[in-house]
Amino acid sequence: MATEKKFVQKAINDFEVKQFLEVKLERAGVSSVTIQRTPIATRITLEVQKPGIVVGKRGTAIDELAAELKQFGIENPQIEVIEVAVPALDAKLIAHRIAKSIELRGNVKQSMRIALREIMAAGALGAEIRVSGKIVGKGGKAKTITVRSGFLKKSGELMKLVRKAAFTTYPKAGAIGIRVKILPPGAKLPDKLELPPEKPPVEAAKQEEAAAAAEEKPAAEEKPAAA
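Residues numbered from 1 in each chain as written. Predicted model: local features only at pLDDT ≥ 70, side-chain atom pairs only at ≥ 80, totals over all residues. Heavy atoms only, no water.

What follows is about the overall build of the chain. The number of helices and strands found in the chain is 6 helices and 7 strands. The order of α-helices and β-strands along the chain, N terminus first, is α-β-β-α-α-β-α-α-β-β-β-β-α. Burial statistics for the chain: of 227 residues in total, 31% are counted as buried. About 15,700 Å² of surface is accessible on the chain, with carbon and sulfur atoms providing 54% of the total. (Helix = DSSP H or I, 4+ residues; strand = E, 2+ residues; numbered from the N terminus. Buried < 20%, exposed > 50% of the residue type's maximum accessible area, 1.4 Å probe, protein only. Areas by Shrake-Rupley, 256 points an atom, 1.4 Å probe, with all protein chains shown as cover.)

This is the structure in structure tokens:
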């Protein structure tokens, strides 16, 4: 029983640390937080959109962050910061961006369409954005608006490749939930045929000329029979 309590307490502690980091580093755009505990140290990997905010000038911000983590019982935190390669293909960052746009401007449909265009322009094979809640300008009633583009299945093995995220914002009208699904570029679609690569035009033309020359070459003349 003591072992079970230890695992539960560890999970609760990790959840509190992740919540703290996401709120603390909101301006940096946190995509994911990974915590790995070892006997020597606790390794925390932060995947963010703006690493400079986390690190700070000459590493002062990250040193302060490591000191603050000690309140959660982490004695020797080792923080690694990784920059998100393509923010427009990160479902969590997109959901957070839509939420902030709704809070500032209130135009839900416009925020959704802009985000969808950014996702598809970044090379996504498909995407879906769904916003539900007390949407301003819709009579005060709870509504759901969905925009989608490209290829995105709802079930099957392909769903394991879909990047998903959810975020809730709280404007004056009431809570609004945002869900984002993105099928990243490079995902192999089950119904897509892979054709062999075409030959370069110059090489194909040379082969055609050689074949035509072989057909036009006259047959060898037969020697006359000896008298």
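Now that the structure has been shown, the text picks up again.
Quick look at helix H3 (residues 60–68) now. It helps to recall that an α-helix has 3.6 residues per turn; residues three or four apart then point in one direction. Regarding H3, the residues found buried are Ile-62, Leu-65 and Ala-66. On an axial view of H3, the arc spanned by its buried residues comes to 100°, and they lie on one face. Opposite the buried face of H3, by more than 90 degrees, sit the exposed residues Asp-63 and Glu-64. The secondary structure elements touched by the buried residues of H3 are helix H1 (2–24), strand E2 (42–48), helix H2 (51–55) and strand E3 (77–83). (Arc of directions from axis to C-beta. Contact = heavy atoms within 4.5 Å.)

Turning next to the pairing of strand E6 (residues 163–169). Sheet analysis places E6 next to strand E7 (residues 176–183), joined by 7 bridges and oriented antiparallel. The residue of E7 that forms the bridge with Ala-165 is Val-180. (Pairing = 2+ DSSP bridges.)

Remark: helix H4 (residues 91–105) packs on helix H5 (residues 108–121), axes separated minimally by 9 Å, with the N-to-C direction vectors making an angle of 150°. Taken together, the axis directions place H4 and H5 in an arrangement best described as roughly antiparallel. The crossing of H4 and H5 is right-handed. Counted together, Ile-94, Arg-97, Ile-98, Ser-101 and Ile-102 of H4 and Val-108, Ser-111, Ala-115, Glu-118 and Ile-119 of H5 form the full contact between these two elements. Considered class by class, the residues forming the contact of H4 with H5 number 6 nonpolar, 2 polar and 2 charged. (Axes fitted to C-alpha atoms, helices over the stretch in contact; angles between N-to-C directions. Parallel < 35°, antiparallel > 145°, perpendicular 65-115°, else oblique. Left-handed = near helix turned anticlockwise from the far one by under 90°. Nonpolar A, V, L, I, M, F, W, Y, C, P; charged D, E, K, R; others polar.)

If you look at the biggest cluster of nonpolar residues, it comprises 24 residues, and the most contacted ones within it are Ile-98, Ile-119, Ile-129, Val-131, Ile-178 and Val-180. Discounting residues that sit within four places of it in the chain, Ile-178 has contacts with Ala-95, Ile-98, Ala-99, Ile-102, Arg-130, Val-131, Ala-165, Ala-166, Phe-167 and Thr-169. Residues Val-17, Val-48, Val-54 and Ala-66 belong to the second largest nonpolar core, which totals 19 residues. (Core = buried A, V, L, I, M, F, W, Y, C linked by side-chain atoms within 4.5 Å.)

On to the pattern of salt bridges, then. Within the structure shown, the criterion is met by 8 salt bridges. Ionic pairing is found between Glu-26 and Lys-100, a salt bridge with its closest N-O pair at 2.9 Å. With Glu-26 in the loop between H1 and strand E1 (30–37) and Lys-100 in helix H4, this residue pair connects regions lying 74 residues apart in the sequence. The partner of Glu-118 in a salt bridge is Arg-97, with the nearest N and O atoms 2.2 Å apart. Taken together, the residues span a long stretch of sequence, with Glu-118 in helix H5 and Arg-97 in helix H4 at a distance of 21 residues. By relative accessible area, Glu-118 is classed as partly exposed at 31%. One continuous salt-bridge network, built from bridges that share partners, spans Lys-10, Asp-14 and Arg-37. (Salt bridge = Lys/Arg side-chain N within 4 Å of Asp/Glu carboxyl O.)

This part is about the sheet that holds strand E5 (residues 142–150). Spatial strand order, E5-E4-E7-E6: 4 strands in an open sheet with antiparallel pairing. Among the strands making up the open sheet, the edge pair consists of E5 and E6. With direction set aside, neighbouring strand axes in the sheet form an average angle of 10°. Each of strand E4 (126–134), E6 and E7 touches H4; the most contacted strand, E7, lies at about 145° to it. Against the sheet, H5 makes contact with E4, E5 and E7, and its axis sits at roughly 160° relative to E4, the strand it touches most.

One open sheet holds the 3 strands; their spatial order is E1-E2-E3, and the pairing between them is mixed. If you trace the sheet from one side to the other, it starts and ends with E1 and E3, each paired once. Along the sheet, successive strands turn relative to each other by an average axial angle of 15°, direction set aside. In this sheet, E3 lies alongside E2 in parallel orientation, the contact comprising 7 bridges. Across the sheet, Ile-44 pairs through a bridge with Ile-79, a residue of E3. Running at roughly 145° to E1, H1 makes contact with E1 and E2 of the sheet.

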